[in-house]
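# Structural overview
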Amino acid sequence: MDKFRMMFQFLQSNQESFMNGICGIMALASAQMYSVFEFSCPCMPEYNYTYGMALLVVPPIWFFLLGFVLNNNVSVLAEEWKRPTGRRRKDPSILRYMFCSITQRSLIAPAVWVCVTLMDGKSFLCAFSVNLDIDRFGNHSLITGMSEAEKLKLLARIPCKDLFEHQEIRVAATRYIKCISQACGWMVLLMMTFTAFLIRAIRPCFTQAAFLKTKYWSHYIDIERKMFDETCKEHAKSFAKVCIHQYFESISGEMGHLHRHHSGKDESEEEEEKKSDEDKLLGIRVQDDMNKVLWNWHTCKPALALRKDQTDGENNGKMNGGANGAASGFVNGHAHDVAKKEWAVYYSKI
Amino acid sequence: MERLKLVLQYFQSNSESISNGVCIILALVSVKLYTSFDFNCPCLPQYNKLYSLGVMIVPPIILFFLGVLVNRHTGIMMDEWLRPIGNRSKNPAVVKYLFSAMLQRALLAPMVWILVTLLDGKIFICAFSMSVDPTLFSGLPNNTGLDVMRIMAKVPCKEDVIFTNSSFRKAVSRYVRCYSQAVGWSILLLLIALGAMGRLTKPCFEDHGTFLQTRYWSNYLDVEQKLFDETCVLHARDFARKCVVQFFENMREDTILHLPHPSFFTNCKEEWEDEEEERLHGVTKEEQMNQLLTEWFDCKPELDVTRIAHRPTMCVTWEDREGRTLYSDV
């Protein structure tokens, strides 16, 4: 049972936990980036709003796209979407499920950035300081006699500590805008949590059985892809092994150990070791032969087609592809004879 | 390290322990959130109360929703509540038990936030500094030209210039903080008293036997759900493996059946060759492989592994020319 649990954890870890981990790391990276980033408001009426809003909006978009890039499931989704129907029909609900889960994970880091930016308040202060009604903070004497443009210039300097002389007004205005910014931040967080709550907690009311089905098949697609890659790798390894073997033999001219067999079951270990060393030579024992092997490997690589008589071994019985039925051939009396290639077989399906 | 592992294992041992663990983590997150949040009182008469009450109420609502979301019991409860009856009767007591357990756990983090807020006092000061009677304290700054309300509204802001060299602000803050802490401790006392009363009087209202049953069956539902998910994952892996192997074998050109060697033909081939053959699944040429790879995209195989899953086991009988049986699996 423990082994099962470990295996299950390993399998799960390849799919969801890994993506959750990436998601968490990106959220932390987003918060860290904000704290490291040096916010410097331009303090000019024409650029304040653009700078403030850009800093609120552009990095989330960047994190969202990065989330898509880092998510392996995007290519699985694209492949499943684009493939011809063939013998397996396409289920749009699976595509929707995969897209939703990818999107949900990619939205977390942008949400963290937006919340942290709003709670900190600097970008709101930069963007909206020109819209302040400065009378509210007392000291009307400050702006009497100023033209509109001058007033705007003065207000635009509020976010910059060093440029605005009247500290108490600056502090009061900063506090006011930061309040509004934090209120917006909390509202955004509340809305997102409420939406997530609705989706997660209320969803079972609607489509539970269909949801289980789409979840299983979308995991299956991912696992199948991995299995296919694994099988291809194994196959390539075996292909290469046999191909190289055959290549060596074709150079050495010997049929080597492929057709050698031992007559007795009892052999000493030493003999076996000696024989296996011999086997590893693959029939190449002379310097010239080895040079030929190495030269031809570059100038005349072998064809990508394994010889059937090697891989078949000594089995020449031709049967139908079906598993039932009976066929017969002949077997020679001697089990140990190399040259004979046939034997008779009865087989029955049990 | 060993102790940590033991603790983790204990928490993972049953579903209730996991929920408790998650609940405690959420409470810690709530405290951390409070300490890292930069509380910024507006110090304006119209907005103080609004801001403070907002900060005291909205985060607990968020934490409550989060508590419900991360709790496994939510999903199990919804499933059990909404499922059709089918072959298994429904027990409403289990649903009620799960609901109350989920609610209790989800309420912990919001309560922690509210208590920490009250015991710290900043928010109370921001909300209620204007309700304090300034005549109780000496040193009200009356040379600024601002009205009393405005001055009182500025009390939460330490760095404001009108309060330099004045102990008025500190006195008012301390006074309001007292009230805040008193309220906080009272709420804590009330909650603990309620909890203790509930625990003590529960046996009067509820049959312990029934309680044990509901607790068992709600834990069972959780374990069953986990095992179902595990089995699905393992099954998908098997299914995928067989589907892929079947796909490879369909690409075989020849129809030669590769039979296992009879056992008396010892060592006529190296073992590794048998393994390699098996792994090749009959695909031995470049064109075959190319066709295989193209078809994997263009024409995926159908989701049916009956043929390979239920391959008949072959029983082989070997005879020599005279018909004498040399060896038989039968």
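Residues numbered from 1 in each chain as written. Chains lettered and ligands numbered in written order. Predicted model: local features only at pLDDT ≥ 70, side-chain atom pairs only at ≥ 80, totals over all residues. Heavy atoms only, no water.

### Structural notes on the state of the cysteines
Two cysteines whose sulfur atoms are joined by a covalent bond form what is called a disulfide. Residue and element names in this part refer to chain A. Per the counting criterion, the structure on display carries four disulfides over all chains. Across the disulfide from Cys43 sits Cys160; the S-S distance is 1.6 Å. Judged by the torsion about the S-S bond (100°), the Cys43/Cys160 disulfide is right-handed. Linking Cys43 in the loop between helix 1 (2-36) and helix 2 (48-70) with Cys160 in the loop between helix 7 (148-156) and helix 8 (167-202), this pair joins segments that are 117 residues apart in sequence. Classification of Cys43 as buried rests on a relative accessible area of 7%. (Disulfide = S-S within 2.5 Å. Helix = DSSP H or I, 4+ residues; strand = E, 2+ residues; numbered from the N terminus. Buried < 20%, exposed > 50% of the residue type's maximum accessible area, 1.4 Å probe, protein only.)

### Overview of the packing of helix 5 (residues 92-120) of chain B against helix 8 (residues 168-205) of chain B
Residue and element names in this part refer to chain B. Packing of helix 5 against helix 8 brings their axes to within 7 Å, and their N-to-C directions diverge by 150°. Crossing of helix 5 over helix 8 shows left-handed handedness. Across the interface between the two elements, Met111, Leu115, Thr117, Leu118, Leu119 and Asp120 of helix 5 pack against Arg177, Ser180, Gln181, Val183, Gly184, Trp185, Ile187, Leu188 and Leu191 of helix 8. Within the contact of helix 5 with helix 8, the residues separate by chemical class into nine nonpolar, four polar and two charged. (Axes fitted to C-alpha atoms, helices over the stretch in contact; angles between N-to-C directions. Left-handed = near helix turned anticlockwise from the far one by under 90°. Contact = heavy atoms within 4.5 Å. Nonpolar A, V, L, I, M, F, W, Y, C, P; charged D, E, K, R; others polar.)

### Section: the UniProt feature "transmembrane region" (unreviewed entry) in chain A
The UniProt feature table records "transmembrane region" (unreviewed entry) at residues 21-37, 49-70 and 183-202 of chain A. Secondary structure over residues 183-202 of chain A splits into 100% helix and 0% strand, and the C-alpha atoms at its two ends are 27 Å apart. (UniProt positions renumbered as here; feature names shortened; annotations may be inferred.)

### Looking at the side chain of A:Ser106
Residues and elements named next belong to chain A. Within the element layout of this structure, Ser106 appears in helix 4 (residues 92-106). The exposure class assigned to Ser106 is buried, which follows from its relative accessible area of 3%. Engagement of the side chain of Ser106 in a polar contact is seen with the backbone oxygen of Ile102, the distance being 2.9 Å. Filtering out sequence-adjacent residues up to four positions away, Ser106 remains in contact with Phe63, Phe64, Gly67 and Phe68. (Polar contact = N/O pair within 3.5 Å; in protein donor to acceptor, adjacent residues only side chain to side chain.)

### What to know about the pattern of salt bridges
Residues and elements named next belong to chain A. Enumeration over the complete set of coordinates arrives at 15 salt bridges over all chains. Linking Glu80 and Arg83 is a salt bridge whose minimum nitrogen-to-oxygen distance equals 3.2 Å. The two residues Glu80 and Arg83 agree in class, both being buried. Glu224 is paired through a salt bridge with Arg88; the nearest N and O atoms lie 2.8 Å apart. Remark: Arg88 occurs in the loop between helix 3 (73-82) and helix 4 and Glu224 occurs in helix 9 (residues 204-252); sequence separation between them is 136 residues. (Salt bridge = Lys/Arg side-chain N within 4 Å of Asp/Glu carboxyl O.)

### Describing the environment of B:Tyr179
Looking at where B:Tyr179 falls in the secondary structure, it is placed in helix 8. Between the C-alpha atom of B:Tyr179 and that of B:Tyr34, which follows or precedes it by 145 residues, the distance is 20 Å.

### Topic: the nonpolar core
One finds A:Trp186, B:Phe37, B:Phe39, B:Val55, B:Phe168 and B:Val172 to be the most contacted residues of the largest nonpolar core, which totals 36 residues. Within the residue set of this core, elements represented by two or more residues are helix 8 of chain A together with helix 2 (15-36), helix 3 (48-70), helix 5, helix 6 (122-128), helix 7 (148-153) and helix 8 of chain B. Among the elements that line this core, the one with the most residues is helix 3 of chain B, at six residues. Beyond its immediate stretch of four places on either side in the chain, B:Phe39 contacts B:Tyr51, B:Val55, B:Lys122, B:Ile123 and B:Cys126. Among the nonpolar cores identified, the runner-up in size contains 21 residues, and A:Tyr220, A:Phe228, B:Ala240 and B:Met251 belong to it. (Core = buried A, V, L, I, M, F, W, Y, C linked by side-chain atoms within 4.5 Å.)

### A closer look at the side chain of A:Asn71
Within the secondary structure layout, A:Asn71 lies in the loop between helix 2 and helix 3. When sequence neighbours within four positions are dropped, the list of residues in contact with A:Asn71 reads A:Met19 and A:Ile102.

### Here's the deal with a nonpolar patch on the surface
A cluster of nonpolar residues, A:Val57, A:Val58, A:Ile61 and A:Leu65, forms a patch on the protein surface that exposes about 360 Å² of accessible area. For A:Ile61, the position within the fold is in helix 2. (Patch = residues over 30% accessible without salt bridge, like charges linked within 9 Å, V, L, I, M, F, W, Y side chains within 5 Å. Areas by Shrake-Rupley, 256 points an atom, 1.4 Å probe, with all protein chains shown as cover.)

### Looking at unusual backbone geometry
Of note in this structure, A:Cys43 is not a glycine but carries a positive phi near 60°. Its identity as a non-glycine residue notwithstanding, B:Cys43 has a phi of 55°, on the positive side. With relative accessibility at 4%, the residue B:Cys43 sits in the buried group.

### What to know about helix 2 of chain A
Compared with the 33 Å implied by 1.5 Å per residue over 23 residues, the 33 Å span of helix 2 of chain A between its first and last C-alpha is a close match. The sharpest bend along helix 2 of chain A comes to roughly 35°, located at A:Ala54. (Expected span 1.5 Å × (residues − 1). Bend = angle between axes of the 7 residues up to and from the residue.)

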